[in-house]
Amino acid sequence: MTTSAPGASVTFADLGLSQPTLNALQNVQFEKPSPIQAAFIPLAMTGIDCIGQAHTGTGKTAAFVLPLLERLNFDNRVVQALVLAPTRELSEQIANECKRLSYSSMCRSVCIVGGRPIRSQINELEKGVHIAIGTPGRVIDLIERGILNLQHLTVAILDEADRMLDIGFRPDIEKILRRCPAERQTLMLTATMPPLVERLANRYMKSPEKVDCSTNGIAVKTVDQFYLTVDEDRKMETLRRLLLDQRPQQVLVFLRTKRGADRLHAKFSRKLPDVAILHGDLPQTHRDRVMKAFRAGEVRMLIATDVVGRGIDISGISHIINFDIPEYCDDYVHRVGRTGRLSSDEKGYAFTFVTRDQGEQLTNIELRINTMLPEYKIPGFEAARPKERRAEWTGGFSNSPVS
Ligand code: ADP
Ligand code: MG
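The present account deals with the structure reproduced in this document. Note on numbering: residues in each chain are counted from 1, in written sequence order. Chains and ligands are labelled by the order in which they are written, letters from A for the one and numbers from 1 for the other. Two thresholds apply to this predicted model, a pLDDT of at least 70 for residue-level local features and 80 or more for giving and counting side-chain atom pairs, whereas whole-chain, interface and lining totals are computed over all residues. Hydrogens are left out, water is left out, and the side-chain values use all remaining heavy atoms of the structure.

## Some words on helix α8 (residues 170-178)
Restricting attention to buried positions, one finds in α8 the residues R170, I173, I176 and L177. For α8, the arc enclosing every buried residue in end-on projection is 125 degrees, short of the 170-degree limit, so these residues lie on one face. In α8, the exposed positions that point more than 90 degrees away from the buried face belong to P171 and R178. Elements in contact with the buried residues of α8: β3 (81-84), α6 (136-144), β6 (155-158), α7 (161-164) and α9 (195-204). Burial classes: relative accessible area under 20% of the type maximum marks a residue as buried, over 50% as exposed, and values in between as partly exposed (1.4 Å probe, protein chains only). In this text, helices come from DSSP runs of H or I with a minimum length of four residues, and strands from runs of E with a minimum of two, each type numbered from the N-terminal end. Directions pointing from the helix axis toward each C-beta atom define the arc. Contacts are residue-level and defined by heavy atoms, with any inter-residue pair within 4.5 Å sufficient.

Printed below as a string of structure tokens:
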């Protein structure tokens, strides 16, 4: 069953949240619930299984954290809720949001992610926590060591559920959910819901209620989106020109591969001091340093791959540049969602580099977001050489080999 979002005039008090929670919300200056929060919170508070779908940057974290805070019993210091997320950065972001929103000083949570000393996570768990937040690998590790005990669990949450249920994570998720009591509540939050993922989701949930706030176009409305026709060998120069033309406050540049990201970083970091790189092969200490510097505004350009870029919530990001067109349409939605965030008043801009042979991929993205992207031309610069004359003369044989 699918519930549609209620009207925009709803307040947090209308959602049935307790007074201490309302105070916490006032503290963090959330004035009114976003549509996904207005629809998801009252449902999740009833204890039934729910799937919440909404664009990135629309406050899905608070949508699941607030009902959790209302439902847990803080007098009992055992793990009652488990939140799974695909990356360390995202897990830490959730843990922070959880701390900001938890009215009760009694609420204790732990972030259990790889790349961090396991010892301190074990210490926290042994002292007793109510909420465990983390990535599947480390969660399994701690379950298998007998440290993380899920027998008192009442709520399991998959954030970025589409990613958590894709082929890479699925075996881990199965393993973890099998350890959770069958009578638990399961919540899933996602920006996209491909049919296969929806079928899988139903396998782990009991007649879930679905809240879909993503039906009117996918990408966030406050982002102006463009594409640029580029030649592969002019991408670097195009990026340089585009940066000069746009002068972004902060920019996140996405590439498909780690090697490509490394190459771009090597090239730009020689000329600019405030450029950094983030991908899955880099050590955690580096990733932490980069995220901190980016958040502080010390890094102005961050070069990243999809896995790490997903879910990053930094309000200063004014520009997203897709140096490589994303391989999957859903990745486009996730990438572009990194700007024009709810917490920032500024408009965001997204530019996607498209080579001439990637027209079909561009069309697929446009179909996905239900919007035609206009082409952007950098004044005084040709990002792509003019088309072969011959192809123009013959009217449409643009696929003929270039001699
Ligand atoms: P999503 O998970 O949907 O991508 P997030 O939960 O990361 O979005 O939220 C994006 C930003 O919006 C965060 O900085 C969060 O603190 C902020 N936010 C969430 N809900 C509200 C609200 N009701 N009012 C104002 N800001 C909010
Ligand atoms: Mg999120």
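## Some thoughts on the packing of aromatic side chains
Whether two aromatic rings pair depends on their centres lying within 6.5 Å, for rings of Phe, Tyr and Trp, where Trp uses its six-membered ring; planes under 30 degrees apart make the pair stacked, over 60 edge-to-face, and the rest tilted. Overall, the coordinates contain four aromatic pairs when judged by the stated rule. Plain terms: the ring middles of F226 and F351 are 5.4 Å apart, the flat faces sit at 20 degrees to each other, and that makes the pair stacked. With F226 in strand β9 (residues 223-229) and F351 in strand β14 (residues 348-354), this pair connects stretches of sequence that are 125 residues apart. Taking the relative accessible area as the measure of exposure, F351 reaches 1% and is therefore buried. Put simply, the rings of F226, F351 and Y376 pair up and form one aromatic cluster.

## Side note on the site of ligand 1
Proximity is defined per residue: if any heavy atom of the residue lies within 4 Å of a molecule or strand, that residue is considered near it. By nearness alone, 18 residues border ligand 1, and Q37, G57, K60, T61 and D313 come closest of all. N or O atoms closer than or at 3.5 Å make up a polar contact, with two conditions inside protein: a donor-capable atom paired with an acceptor-capable one, and, for residues adjacent in sequence, both atoms drawn from side chains. Within the backbone of K32, a nitrogen or oxygen atom sits 3.0 Å from a nitrogen atom of ligand 1. Within the backbone of G57, an N or O atom sits 2.6 Å from an oxygen atom of ligand 1. Notes on ligand 1: free accessible area 570 Å², of which the protein chains cover 88%. Of all the secondary-structure elements, those providing two or more residues to the shell around ligand 1 are α3 (60-71) and α4 (88-101). To measure how exposed things are, a 1.4 Å probe is used in the Shrake-Rupley method; for residues, cover is taken only from the protein chains shown.

## Details of the nonpolar core
Note on terminology: a nonpolar core comprises buried Ala, Val, Leu, Ile, Met, Phe, Trp, Tyr and Cys residues joined through side-chain atoms within 4.5 Å. F40, F64 and I131 are the most contacted members of the largest nonpolar core, which totals 44 residues. Contact partners of F64, with chain neighbours within four places excluded, come to F40, V83, I94, I157, D159, L187 and L189.

What is shown is where atoms sit, not what they do.
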